Amino acid sequence: MSHTFDYDVLFIGAGHGSFDGAPALTAAGKRVAFVEEDRVGGTCPNWGCNAKIILEAPAKVLQTIKQSDGVITDTAKIDWPKAMQRKQKIVDGFAPAIQAGMESAGIDFIFGHASFVDEHTVSVGDRQVTADKIVIATGQHSHRLAIPGKEFLHDSKDFLSIPDVPGKMVIIGAGFIGLEAASIMQTAESQVTVIMRGSEALPAFDKAYSDQLMKHLAAQGVVFIKNSQVQSVEENGSAYTVSTSTGSYPADYVLDATGRIPNTDGLNLDTLGINYDEKGIEVNEFLQTSQPNIYASGDVIKKEQPKLTPTATFESQYIVAHILGEETEAINYPAIAENVFATPRLAKAGVTIAEAKAAPDKYDIVQQQVADDWYRLVDFESAGQRTLIYNKNKQLVGVIEISDKADDVVNALLPAIEFGYTAEQLKRLVTIFPTIGYSALGYLG
């Protein structure tokens, strides 16, 4: 790489789409820097998955107590201010730890908003920084409905710092964020109403399974309003009224969970002729933009793969290997597991039910009931379902499950899906008993 530039590789954004791969560059002798306009680490450690799972943990424990059928008799309740204090204490340590780790690896940090000047130069405030290779890893931000009263709406970042449990909470949208927030807050004793634009939740999941999740949440007390268009939000003293095409709903807190938008504004991509739209930046099979020395990584990419933290990690590591010449083939995405962190969980990976039904000559579908597995009774679990997809060679290629342990089950099965293990190979696995991993592998087929 030429030494006429300030850096060999410059990352715009210091989230998982950057920092998981970057240290390999400095280890190879490259000069590397991050440009970050907010907190180091990006959404996931600061305002996303890490914060969410810390708040969701006590809700999951409380749901298990409720399912114990009186075996656990003590009255339990979430102390929300304490839960929030604990969350913040843990989360506040991530950004400085990540920055310290990157700096110890020899990576520089430049704080501010980056905007392209040309294919090798970005401006950050009054400074111009040059690099041979540039990686755009700016992530996404929450969508905000353009309705009267939008100033009263809160996004997921706001929600994950909500100081108190609202008496009534209205959630607009039934995707990952909407249903996860509904599950947490209903357990924390908020009266939750979810407004749905259509009749289906979680479009990335099989409808029969997403319907089951809504059924479970409804049994816990969540109210779902389907086929409803939100028209406005009005302030009434310290509360609000959410007006929709199907009626009006009172709320003490309104969460806009209508999706996320790639962070492309202000990058000046048009000047460079880099193609992008509302779904993200277009890249080729090597994750390069229309400017070959400029890559994109993580949630800012326009792609079919799930926009998740592990996906961004995989992409950042691929880009680094490609820059170093260690990877010359097109990116080959593995099976990517997805999970809804509600109670119960809904998780999947690999070939979907719809894909299997569309190609019956290639796949076989096996349905299983969670209640058929005795181990599920240990934690008072009595309901749930799993679908396994096999190819004609009897190799597991897909799974979807709804249960309290669906995330762990899918993780246990993921190696079989990714590496094409046969039944004979799986029999060689002498796993720990009794555990959910033993149970998941033992009930294959």
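Everything that follows concerns the structure shown earlier in this document.
Scoring rules and cut-offs
Residues numbered from 1 in each chain as written. Predicted model: local features only at pLDDT ≥ 70, side-chain atom pairs only at ≥ 80, totals over all residues. Heavy atoms only, no water. Helix = DSSP H or I, 4+ residues; strand = E, 2+ residues; numbered from the N terminus. Expected span 1.5 Å × (residues − 1). Bend = angle between axes of the 7 residues up to and from the residue. Buried < 20%, exposed > 50% of the residue type's maximum accessible area, 1.4 Å probe, protein only. Contact = heavy atoms within 4.5 Å. Pairing = 2+ DSSP bridges. Axes fitted to C-alpha atoms, helices over the stretch in contact; angles between N-to-C directions. Disulfide = S-S within 2.5 Å. Parallel < 35°, antiparallel > 145°, perpendicular 65-115°, else oblique. Left-handed = near helix turned anticlockwise from the far one by under 90°. Nonpolar A, V, L, I, M, F, W, Y, C, P; charged D, E, K, R; others polar. Salt bridge = Lys/Arg side-chain N within 4 Å of Asp/Glu carboxyl O. Phe/Tyr/Trp six-rings, centres within 6.5 Å; stacked < 30°, edge-to-face > 60°. Lys NZ or Arg CZ within 6 Å of the ring centre and 35° of its normal. Polar contact = N/O pair within 3.5 Å; in protein donor to acceptor, adjacent residues only side chain to side chain.

On to helix H4 (residues 49-66). For H4, spanning 18 residues, the distance from its first C-alpha to its last is 25 Å, which sits close to the expected 26 Å at 1.5 Å a residue. Within H4, the axis deviates most sharply at Glu 56, by approximately 30°, and proline Pro 58 lies no more than four positions further along. Every buried residue belonging to H4 is among Ala 51, Lys 52, Ile 54, Leu 55, Glu 56, Ala 59, Leu 62 and Gln 63, and all of these are buried. Elements that come into contact with the buried residues of H4 comprise helix H3 (43-47), helix H5 (80-91), helix H8 (176-187), helix H9 (207-220) and strand E20 (345-350).

With parallel pairing, four strands are arranged side by side in an open sheet as E10-E9-E8-E14. The open sheet has two edge strands, strand E10 (223-225) and strand E14 (253-256), and neither has a second partner. Averaged over all neighbouring strand pairs, the angle between strand axes comes to 20°, with direction disregarded. Here strand E8 (residues 168-172) runs beside E14; their pairing, made up of four bridges, is parallel. If you follow Ile 171 over to E14, its bridge partner there is Leu 255. With respect to the sheet, H8 is in contact with E8, strand E9 (191-195), E10 and E14, its orientation differing from that of E9 by roughly 165°.

What follows concerns the state of the cysteines. Using the criterion set out here, one finds one disulfide in the structure. What pairs with Cys 44 in a disulfide is Cys 49, and their sulfur atoms sit 1.7 Å apart. An S-S torsion of about -125° defines the bridge between Cys 44 and Cys 49 as left-handed.

Here we take up the packing of H4 against H8. A pair of packed helices is captured by two measures, namely the crossing angle of their axes and the spacing between those axes. Two numbers describe how H4 lies on H8: the axes approach to 9 Å, and their chain directions differ by 55°. One finds that H4 runs oblique with respect to H8. Seen from above, H4 lies across H8 with left-handed handedness. Across from Lys 52, Leu 55, Glu 56, Ala 59, Leu 62, Gln 63 and Lys 66 in H4, the residues of H8 making contact are Glu 180, Ile 184 and Thr 187. Residues that form the contact of H4 with H8 fall into these classes: four nonpolar, two polar and four charged.

Moving on: the pattern of salt bridges. A side chain with one charge can pair with a side chain of the opposite charge if their charged atoms come near. By the definition in use, this model includes 22 salt bridges. Overlapping salt bridges bring together Asp 373, Arg 376, Asp 379, Glu 381, Arg 386, Glu 401 and Lys 405 as one network.

This part is about the sheet that holds strand E11 (residues 230-236). Here we have three strands laid out as an open sheet, ordered E11-E12-E13, and antiparallel in their pairing. Only two strands of the sheet have a single partner each, and these edge strands are E11 and strand E13 (247-251). Neighbouring strand axes in the sheet, compared pairwise and without regard to direction, differ in orientation by 20° on average.

Tracing the chain through its elements places Phe 341 in the loop between strand E19 (338-340) and E20. Taking the C-alpha atoms as reference points, Phe 341 and Leu 179, separated by 162 residues in sequence, lie 8.3 Å from one another.

Moving on to unusual backbone geometry. Looking along the chain, the bond that leaves Thr 343 and enters Pro 344 is cis, with omega of 5°. Residue Phe 433 is joined to Pro 434 through a cis peptide bond whose omega torsion reads -5°. Structurally, Pro 434 can be placed in the loop between helix H14 (423-426) and helix H15 (436-442). Unusually for a residue other than glycine, Glu 189 sits at a positive phi of about 80°.

What follows covers the packing of aromatic side chains. Going through the model one piece at a time under the given rule, you end up with 10 aromatic pairs. Ring pairs connect the aromatic residues Phe 11, Phe 34, Phe 109 and Phe 111, which therefore count as one cluster. The positively charged end of Lys 157 is found above the aromatic ring belonging to Trp 47, 4.1 Å away from the centroid. The lysine or arginine in question, Lys 348, covers the ring of Phe 205, its NZ or CZ lying 5.4 Å from the ring centre.

Another aspect to go through is the side chain of Asn 391. You can see Asn 391 is positioned in strand E22 (residues 385-391). Exposure remark for Asn 391: the relative accessible area of 15% places this residue in the buried category. Among the polar contacts listed, one links the side chain of Asn 391 to the backbone nitrogen of Asn 393, at a separation of 2.9 Å. The contacts of Asn 391, once residues within four sequence positions are left out, are Lys 362, Tyr 363, Asp 364 and Val 397.

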